[in-house]
Amino acid sequence: MKLKIAVLAGDGIGPEIMQQGVAVLSAVAEKFGHEVTYKEALCGAHAIDEVGDPFPEETFRICEEADAVLFASVGDPKFDNNPTAKVRPEQGLLAMRKKLGLYANIRPVETFECLIHKSPLKDSLVRGADFICIRELTGGMYFGQKQEPSVNADGVEDAYDTNYYSRPEVERILKVGYQYARQRRKHLTVVDKANVLASSRLWRKIAQEMAPQYPDVKTDFMYVDNAAMRMIQEPTFFDVMVTENTFGDILTDEGSVITGSMGLLPSASTGSSTPVFEPIHGSWPQGKGLNIANPLAQILSVAMLFEYFDLKKEGHLVREAVNASLDANVRTPEIQVEGAPKYGTKEVGAWIVDYINRK
Ligand code: IPM
Ligand code: MG
């Protein structure tokens, strides 16, 4: 297979983990005879500094022309405490999602046996938790009509965001939810706030209409506040959950910590144009340049990329190599066991590449 990959390394630890992601992608491609070409492009704070735009037209063009985007992370503390900054790195991420039509964000929540002790939850609760959150990514409050803080006609400062959803937007994301549920344990939980929000009542109405078309899937509905609680009380309850943009943003952060594996979780965003594969963790500016960032979420994003193109053996080899590195205690400092040597970003990546080469 020929694959054109757009490489968006972004900010903070992004470039370091990306280097390892690309090395793994290349090693697997070579092993299986795939021809991969890469094109790097600017995004995030880095792109603001260079060209004044966190998602420049040139980057958009490179993404559009690629078969897949491998993305690392964006963000820089110099923008965080400045609410009046005109351009922010995060806008680049939002622009990318909107322009590439990435309406489905797939975030798996998986447990790794060797990291369960890192979970803030009791082992017995979290062991075996394995679900996917499907977050709608191009609608809702993120993109609805909004007004920045300003003084209104009554002399009061106000601001608002609109949580707008249309039927086609809801139908297409629920469809993705059902497709995933069918390939897994056939249980779909639709998370909403239909007791309060009109937009949620639209979601629930459409889901109730669609459910009979998927008689093999058990559909249930859960209010978002209850879902936040259930994820802690009984994470093994969930198989596939599907929800709107804002709820999904919040619940997936919760999901990423309950298994203790935040640094290991990849994600995929898919839609009408080029799909994007990225770790769910952020740009961790404090770790930048220190060769201590965990590259595994980036490397597992490469597994998701292969799997997207139905290259199952390739994806499996990446996962196998990652598991082998964990078993061999070749780990970055934050997940290393006591007394064992700590490995750097580069060393973990090199070990995994070597494992792949020797297979
Ligand atoms: C995420 C992030 C982004 C979001 C930010 C960085 C804009 O939190 O991908 O979950 O809110 O969607
Ligand atoms: Mg988030």
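Here's what I pulled together on the structure shown here. (Residues numbered from 1 in each chain as written. Chains lettered and ligands numbered in written order. Predicted model: local features only at pLDDT ≥ 70, side-chain atom pairs only at ≥ 80, totals over all residues. Heavy atoms only, no water.)

## Re the overall build of the chain
- What the chain contains, in helices and strands, is 13 helices and 12 strands.
- Along the first, second and third principal axes, the C-alpha set of the chain runs to 65 × 50 × 40 Å.
- Within the span of the chain, comprising 359 residues, buried residues form 54% of the whole.
- Long-range pairs, those at least 24 residues apart, make up 75% of the contacts in the chain with a sequence separation of at least 6.
- By element, 52% of the accessible surface of the chain is carried by carbon and sulfur atoms, the whole surface being about 16000 Å².
- In the chain, which carries 39 positive and 49 negative side-chain charges, the distance between the mean positions of the two groups comes to 4 Å. (Helix = DSSP H or I, 4+ residues; strand = E, 2+ residues; numbered from the N terminus. Buried < 20%, exposed > 50% of the residue type's maximum accessible area, 1.4 Å probe, protein only. Contact = heavy atoms within 4.5 Å. Areas by Shrake-Rupley, 256 points an atom, 1.4 Å probe, with all protein chains shown as cover. Lys, Arg positive; Asp, Glu negative; His and termini not counted. Charge placed at Lys NZ, Arg CZ, Asp CG, Glu CD.)

## Describing the site of ligand 1
- Taken together, Glu 90, Leu 93, Arg 97, Arg 107, Arg 135, Tyr 142 and Asp 249 make up the full set of residues adjacent to ligand 1.
- Residue Asp 249 places a side-chain N or O atom 2.9 Å away from an oxygen atom belonging to ligand 1.
- Within the complex, 72% of the 320 Å² of free accessible area of ligand 1 lies under protein.
- The greatest single-element share of the shell around ligand 1, amounting to three residues, is contributed by helix α5 (residues 89-99).
- Looking at the shell around ligand 1 residue by residue, the class counts come to two nonpolar, no polar and five charged.
- The residue makeup of the shell around ligand 1 includes at least three contributed by each of domain 1 (1-102 + 271-359) and domain 2 (103-149 + 161-269). (Near = heavy atom within 4 Å. Polar contact = N/O pair within 3.5 Å; in protein donor to acceptor, adjacent residues only side chain to side chain. Nonpolar A, V, L, I, M, F, W, Y, C, P; charged D, E, K, R; others polar. Domains from an automatic or database assignment.)

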